[in-house]
Structures are given as C-alpha cells and as structure tokens.
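Tertiary structure, described
Spelled out from the first residue to the last, the chains are:
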Amino acid sequence: MYIYEKAPAKINLMLDVLHKRNDGFHEVEMIMTMVDLADRLTLSNSGTGRISLSSQSGYIPLDDKNLAVKAARLLKQRFGVNRGVHMHLEKRIPVAAGLAGGSSDAAAALRGLNRLWELGLSMTELEELGAELGSDVPFCVRGGTALATGRGEKLETIPNPPRCWVVLAKPPINVSTADVYGGLKAAEIAVHPSASGMREALEQGSFNRVCAGLGNVLEDVTLNLYPDVRRLKEIMEQLGSDGVLMSGSGPTVFGLVAKEEKAKRICNGLRGFCEEVYAVRTLG
C-alpha cells in the first residue's frame, strides 16, 4: 500500500515581529499562503518496524535530522505504533530557502502516516503535533492561507490571494535563520507591515492591494547580511514584478505577477543572476 502526499512551499505575504518572548522565541504576526511548487512524499509500510527515508536530493539529511523522520518518530512513540514506514521524498523545493520546505515535508509525513497507520487523528491534533516539530509545521499541515500568531503555531484561516503568478528566485547562498533573528532588534523596528491591511486586501480579492501591502521586517537584516539578496530584489523590481518581497528569513525573493507572459519574461531575466528560478501559481 502506497500513500502519496504533496508538500507545497509557502511564502509570507507579510511577516512582523512584535517582541522577543521569555521562552526565547519571537512573538510574530504573519500571513502565509501556499504556492504550486511542491515536494512529493511517498509512504509505504515497512516490514521491519523501522523508519527510513530516501530521496533523489543530495542536499538533505536522511536520518533523524530530517523533519519528516522526526514526524514519523513522534507519531510512532506517542501512539505506540509497532509498524514501520519507508518514505521517499522527491525534493523540488530549494533547501534552506525560506519556503518552509522541511516543515512542509514534516506536515506531509504527519498527514500521510495518519492515513497509513490508521491513527484517526483530526487536523487540529495533527497541527498540535506539528507545533512540537517546528513553528511553520502547523500551517503546512493545514495549508491554504492563514494568519499565524504566537511563534507561528496559532492559526486562523483567511481568504486565499487572487490567483496570480509567483516568480521565486533563490540565490546560490544559504541564510542562517538564527543569525537573522539574532540580528533583529524588535524594539527598533520603525515600520511594521499591517496584518489587518493585508487581511482586508485578501477579503476584497484585490491583487493591487495585496502587492501594496507586502512587508517583512526580517528583510533589512538579511539584505544587510547578504548583499546578493538585496541585488536580487532590486533586479526583480526592475524587471517589472507587481509586488516583490523576501520570503521568511530568506534568501528566496518572490515576485507577484498578474500575467503569465510577464512572469516568463521575469524568469528569463533572472536566470543570468541565479539558477534556481521558478514561475508557479498561488494555490486555492
């Protein structure tokens, strides 16, 4: 028996950091949505009772450092599952890109194993388990578009953005999320993006207002630490993207584009600057 799960990438339409919490995490306010760039996870029962993972990608760990393996181990231990699983991950989302690829893989593992091992867990229970694995995992379990608060685990589903093209470009560097958050001085943030404004834009289905409301307080830190990301954002703006923002802590920059022809032109213009460029659609 084989179970198949898609693990889509996410982008942040807005990301705000309110303050650092006593537990060491940052209190955030984010609006996230899924895009049609996805990993694919295939799960099958293992006769040995073991958890194993394979992938065509040479850039990801296949042991307990992988969030999908951690998700399987969490379910197996929490619910006393005797069966094992072999998972094969077809990796398409760039690694360490600010697109929640690892978190989405973990979410896919939770959903798939819930079916394979017939655990009967609700979506809410899977989200709660996901929160033990990482801040983005609950959103990736749920999918769609959501307002995320707390450290990212408190979710409220909101309307999807208008269907449009999303050009994703990842420069050939890896960004340390810990370094970015470590360099952020939350009390000194001068301009905060508006979650309520972005929510209104989504409720109205206004593509122009969504583009105008894009904002990410982590951008200034990442752009100062990694000049290539700043240059990439400038190029994407010069090529005519309707709205441009860095996703998460970076380094991926995305451009929202209304028309397919323009999206293709922007992709072609970016390929001289970085190899990992994708033109995808918003989901929903």
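The coordinates are above.
Residues numbered from 1 in each chain as written. Predicted model: local features only at pLDDT ≥ 70, side-chain atom pairs only at ≥ 80, totals over all residues. Heavy atoms only, no water.

1. Overview of the environment of Trp165
When you line up the elements, Trp165 lands in strand β7 (residues 165-170). Linking Trp165 and Thr282, residues 117 residues apart in sequence, is a C-alpha distance of 6.5 Å. Trp165 has contacts with Gly255, Leu256, Val257, Ala258, Lys259, Glu260, Ala263, Ala279, Val280 and Arg281, leaving out every residue within four places of it along the chain. (Helix = DSSP H or I, 4+ residues; strand = E, 2+ residues; numbered from the N terminus. Contact = heavy atoms within 4.5 Å.)

2. Some details on the sheet that holds β7
Strand order in the open sheet formed by four strands is β9-β10-β7-β11, with antiparallel pairing between adjacent strands. Looking along the sheet, the strands with just one partner apiece sit at the ends: β9 (243-246) and β11 (276-281). On average, adjacent strands in this sheet sit at an angle of 20° to one another, irrespective of strand direction. Sheet analysis places β9 next to strand β10 (residues 253-257), joined by four bridges and oriented antiparallel. Looking at β10, one finds that Gly243 is bridged to Leu256. Against the sheet, helix α9 (residues 227-238) contacts β7, β9 and β10, and its axis sits at roughly 10° relative to β10. (Pairing = 2+ DSSP bridges. Axes fitted to C-alpha atoms, helices over the stretch in contact; angles between N-to-C directions.)

3. Some thoughts on the layout of surface pockets
The space that makes up the largest pocket amounts to roughly 970 Å³. As for the largest pocket, its lining consists of 39 residues, of which Ala100, Ser103, Asp136, Thr177 and Ser249 are closest to the centre. Of all the secondary structure elements, the ones that give two or more residues to the lining of the largest pocket are β1 (2-20), β2 (26-46), α2 (101-116) and α5 (177-182). Top element by residues in the lining of the largest pocket is α2. It accounts for four residues. (1 Å grid on protein atoms, 1.4 Å probe; cavity = no way out; pocket = protein on both sides within 12 Å on 5 of 7 lines; lining within 4 Å. Points joined across faces, edges and corners; volume = space filled by probe spheres on them.)

4. Quick look at the environment of Gln204
Examined against the element boundaries, Gln204 turns out to sit in helix α6 (residues 195-204). Residue classification places Gln204 among the exposed residues on the basis of a relative accessible area of 53%. Along the backbone, Gln204 and Gly243 are 39 residues apart, and their C-alpha atoms lie at a distance of 17 Å. Within the structure, Gln204 has its side chain in polar contact with the side chain of Arg209 (distance 3.0 Å). (Buried < 20%, exposed > 50% of the residue type's maximum accessible area, 1.4 Å probe, protein only. Polar contact = N/O pair within 3.5 Å; in protein donor to acceptor, adjacent residues only side chain to side chain.)

5. Focus on α2
Every α-helix winds through 3.6 residues per turn, so residues three or four apart in the chain are directed the same way. Between its first and last C-alpha atoms α2 spans 22 Å; for 16 residues at 1.5 Å apiece the expected length is 22 Å, and the two agree. Counting buried residues in α2 gives 14 out of 16 residues, a clear majority hidden from the surface. Just past α2, the residue Glu118 takes up positive phi, approximately 50°. (Expected span 1.5 Å × (residues − 1).)

6. Points about the pattern of salt bridges
Where charged atoms from two side chains of opposite charge approach closely, those side chains can pair. Summed over all chains, the structure comprises 18 salt bridges. The residue Asp39 makes a salt bridge to Lys91 at a minimum N-O spacing of 2.6 Å. On the criterion of sequence distance, the pair formed by Asp39 in strand β2 and Lys91 in the loop between β4 (84-90) and α2 is long-range, its members being 52 residues apart. A relative accessible area of 1% means that Asp39 is categorised as buried. (Salt bridge = Lys/Arg side-chain N within 4 Å of Asp/Glu carboxyl O.)

7. Remarks on the pairing of β1
Consecutive side chains of a regular strand alternate in pointing toward one face of the sheet and then the other. With 17 bridges connecting them, β1 and β2 associate as antiparallel partners. Paired with Asn12 across the two strands is Met32, which belongs to β2. Connecting β1 to the next strand, β2, in antiparallel fashion are five residues, including Gly24 with a positive phi near 95°. One ladder, built from two bridges, connects β1 with strand β8 (residues 215-216); its direction is parallel. The residue of β8 that forms the bridge with Met14 is Gly215.

8. A few points about the nonpolar core
One finds Val17, Val85, Met87, Val167 and Leu270 to be the most contacted residues of the largest nonpolar core, which totals 72 residues. Counting residues per element, this core draws most heavily on α2, which supplies seven residues. Dropping the residues within four chain positions of it, Leu270 is found in contact with Val167, Ala169, Leu232, Ile235, Met236, Leu239 and Val277. If you look at the next biggest cluster of nonpolar residues, it comprises 27 residues, including Leu13, Ile158, Ala195 and Leu256. (Core = buried A, V, L, I, M, F, W, Y, C linked by side-chain atoms within 4.5 Å.)

9. Structural notes on the packing of helix α1 (residues 67-78) against α2
Remark: α1 packs on α2, axes separated minimally by 7 Å, with the N-to-C direction vectors making an angle of 35°. In this structure, α1 meets α2 at a crossing whose hand is right-handed. On α2, the residues touching Leu67, Ala68, Ala71, Ala72 and Leu75 of α1 are Gly102, Ser103, Asp105, Ala106, Ala109, Leu110 and Leu113. Taken together, the residues of the contact of α1 with α2 sort by class into nine nonpolar, two polar and one charged. (Left-handed = near helix turned anticlockwise from the far one by under 90°. Nonpolar A, V, L, I, M, F, W, Y, C, P; charged D, E, K, R; others polar.)

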